[in-house]
Amino acid sequence: MANDNKTLTLEDLGYNAFFKSSQLDLGLAEFPIARVIAEYKEAYRVKNTNGEYLAKITGRHMFNAAKREDYPAVGDWVALTELDEEKAVIHGILARSTILKKKYSGKQEAQVIAANIDIAFVIESLDRDYNLNRFERYFILANEGKIKPAVILNKTDLISETDLESRIDQIKRRFNDIDIIPTSTISEDGLEVLASYIEKAKTYCFLGSSGVGKSSLINKLLNKDEIKTSEISESTGRGKHTTTAREMYFLHNGGIVIDNPGTREVGITDASAGMENVFDEIIHISGNCKYANCTHTHEPGCAVLKAIEENKLDESRYQNYIKLKKEADFYGMNELEKRIKDRKFGKFVKNVLKQRKGFTDKE
Ligand code: GDP
Ligand code: ZN
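Fair warning: this is a prediction, and the values are worked out from it, not measured in the lab.

S.K.: Just checking my understanding: could you explain the nonpolar core for this structure?
M.R.: Soluble globular proteins tend to pack their nonpolar side chains together in the buried interior. Counting 72 residues, the largest nonpolar core has V46, L80, F135, L153 and I171 as the members making the most contacts within it. Sequence-distant contacts of F135, that is, excluding residues within four places in its chain, are made with V122, E124, Y130, V151, L153, I171 and F175. Residues I123, F206, L221 and Y249 belong to the second largest nonpolar core, which totals 19 residues.

S.K.: Whenever I open this one, the coordination of the zinc ion (ligand 2) confuses me. Can you help?
M.R.: Ideal values for angles at a metal depend on the geometry: 109.5 degrees with four tetrahedral donors, 90 or 180 degrees with six octahedral donors. Only C289 (SG), C294 (SG), H296 (ND1) and C302 (SG) from the protein reach the zinc ion (ligand 2) as donors, at distances of 2.1 to 2.4 Å. Around the zinc ion (ligand 2), the four donor atoms are arranged such that angles at the metal cover 102 to 116 degrees; this shape is classified as tetrahedral. Positions of the donor residues of the zinc ion (ligand 2) along the chain correspond to the pattern C-x4-C-x1-H-x5-C. Within this pair, whereas C289 is found in the loop between α8 (280–286) and α9 (303–309), its partner C302 is found in the loop between α8 and α9, the two being separated by 13 residues in sequence. Each member of the pair, C289 together with C302, is buried.

S.K.: Even after reading the chapter, I still don't get a negative patch on the surface, so can you show me in this structure?
M.R.: On the surface, a cluster of negative charge is contributed by D157, E161, E165, D169 and D189. Following the sequence through the fold, E165 ends up in helix α4 (residues 161–174). Since its relative accessible area comes to 42%, E165 is described here as partly exposed.

S.K.: Where do I start with the site of ligand 1 in this structure?
M.R.: Taken together, 15 residues are adjacent to ligand 1, and D157, T185, G211, S215 and S216 come closest. Here a nitrogen atom of ligand 1 sits 2.7 Å away from a polar atom, N or O, in the side chain of D157. S216 has a polar side-chain atom sitting 2.5 Å from an oxygen atom of ligand 1. No other element matches helix α6 (residues 214–222), which puts three residues into the shell around ligand 1.

S.K.: Help me out: how do you make sense of unusual backbone geometry in this one?
M.R.: Across the chain, the bulk of peptide bonds are trans and the bulk of non-glycine residues have phi less than zero. Phi angles above zero are rare outside glycine, and N116 is one such case at about 60 degrees. Here N116 shows up in the loop between β7 (111–115) and β8 (119–125). The class of N116 is buried, set by a relative accessible area of 4%. Residues other than glycine seldom take positive phi values, yet A201 does so here, at roughly 65 degrees. Among the structural elements, A201 can be located in the loop between α5 (191–197) and β11 (203–207).

S.K.: How do you make sense of the confidence of the model for the chain when you look at a structure like this?
M.R.: As a note on interpretation, predicted positions should not be read in detail where pLDDT is low. Confidence in the prediction of the chain, expressed as mean pLDDT, is 81, and 74% of residues score 70 or more. When the criterion is pLDDT under 50, residues 225–243 qualifies, and its contacts beyond four places in sequence or with other chains add up to 41 contacts. Contacts of residues 359–363 to residues separated by more than four positions or lying in other chains number zero contacts, the stretch itself having pLDDT below 50.

S.K.: Whenever I open this one, helix α1 (residues 17–25) confuses me. Can you help?
M.R.: Each turn of an α-helix holds 3.6 residues, which means side chains three or four residues apart point in the same direction. Turning to α1, its buried residues number three or more, namely F19, S22 and Q23. Mapping the buried residues of α1 onto a view down its axis gives an arc of 100 degrees, with all of them on the same face. Away from its buried face by more than 90 degrees, α1 exposes A17, L24 and D25. Elements that come into contact with the buried residues of α1 comprise β1 (33–39) and β4 (77–82). Its side-chain oxygen placed 3.0 Å from the backbone nitrogen of F18, N16 serves as the N-cap of α1. Remark: G27 follows α1 within two positions and exhibits a positive phi of approximately 70 degrees.

Here is what the cut-offs are and how they apply
Residues numbered from 1 in each chain as written. Chains lettered and ligands numbered in written order. Predicted model: local features only at pLDDT ≥ 70, side-chain atom pairs only at ≥ 80, totals over all residues. Heavy atoms only, no water. Core = buried A, V, L, I, M, F, W, Y, C linked by side-chain atoms within 4.5 Å. Buried < 20%, exposed > 50% of the residue type's maximum accessible area, 1.4 Å probe, protein only. Contact = heavy atoms within 4.5 Å. Donors = N, O, S within 2.8 Å, 3.2 Å for Na, K, Ca; no water. Tetrahedral: all angles 85-135°; square planar, octahedral: opposite > 155°, others 65-115°. Helix = DSSP H or I, 4+ residues; strand = E, 2+ residues; numbered from the N terminus. Patch = residues over 30% accessible without salt bridge, like charges linked within 9 Å, V, L, I, M, F, W, Y side chains within 5 Å. Areas by Shrake-Rupley, 256 points an atom, 1.4 Å probe, with all protein chains shown as cover. Salt bridge = Lys/Arg side-chain N within 4 Å of Asp/Glu carboxyl O. Lys, Arg positive; Asp, Glu negative; His and termini not counted. Charge placed at Lys NZ, Arg CZ, Asp CG, Glu CD. Near = heavy atom within 4 Å. Polar contact = N/O pair within 3.5 Å; in protein donor to acceptor, adjacent residues only side chain to side chain. pLDDT = per-residue confidence, 0-100. Arc of directions from axis to C-beta.

Dropping the structure here:
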């Protein structure tokens, strides 16, 4: 029942005109295509109307892949050669309609989390960890990859109806035009609303800090029993390659969700476009700053600072903007700029240490 492949179409898996035209553009029309539904260490599980395969990329592809973005990710559409009923080789990746990238602090390269996602659910839980500023971080991430965000406020069972109303008002005041779905996996309030929000053949991912209830929500949507690991043979799946990073599931109503276990706090990549969308009113105000390169932190004639003074701009939102902008600027730098900055910093540290040493030597 989980794999009712006789009636399954590629469209059910999310295929559409966009991917079709990419397939033609790339000269991959004669290859069967499939969607990447799980990513393992050196292999992918892919699915099409024939079933599921364990797939690897060709040596040539690996050789040509300059960066991580060149490798397939969950959600990608790939062109295949089927080797047998369970194994396949990936020849190419079709163009991505959207892309979700993540940057862990410290790591150099951004990581492609998933591709071809229609809506990113940004989840916050209504407990002590609730943090309005985190929404912007995730919205930027979504915006950068052209993914539409929507908000899930989970754990409504922990707060009163009036508190919930005021939280919702607060979000609406800060972000106009965002869909908000309050849920509780305990009382099950809002779960039907969430399920009906999810459309057939559209792909959804769940973003949020660990502990907000992502796994609980996905399990509720799946009714749990849909994950039939036993139906998937050892060589194609979970048995052999258990270290899956993320995985795609197909809901009864036809919606497609990507599970993203172990999400840590995310950093922003080169998100200038995402920043502009999420902080559009600040960007708008900054058009009136005296200096074109105004950083909106200390400059005379800064329209942004003036707006805060006149209570026309929320101060905490401004603080969050400055913080995220710093991050985005750093990640947006190219490798050379980063090295120079690092070198400068290295020199700076050396000088400080030298001075200190001189200082202690004198003592
Ligand atoms: P994840 O890390 O985002 O995947 O979060 P989990 O789904 O693992 O949930 C983290 C904790 O929150 C678990 O102890 C869940 O039982 C609990 N939890 C999840 N949803 C709710 C909810 O709606 N209300 C309450 N009170 N607790 C919840
Ligand atoms: Zn300014």
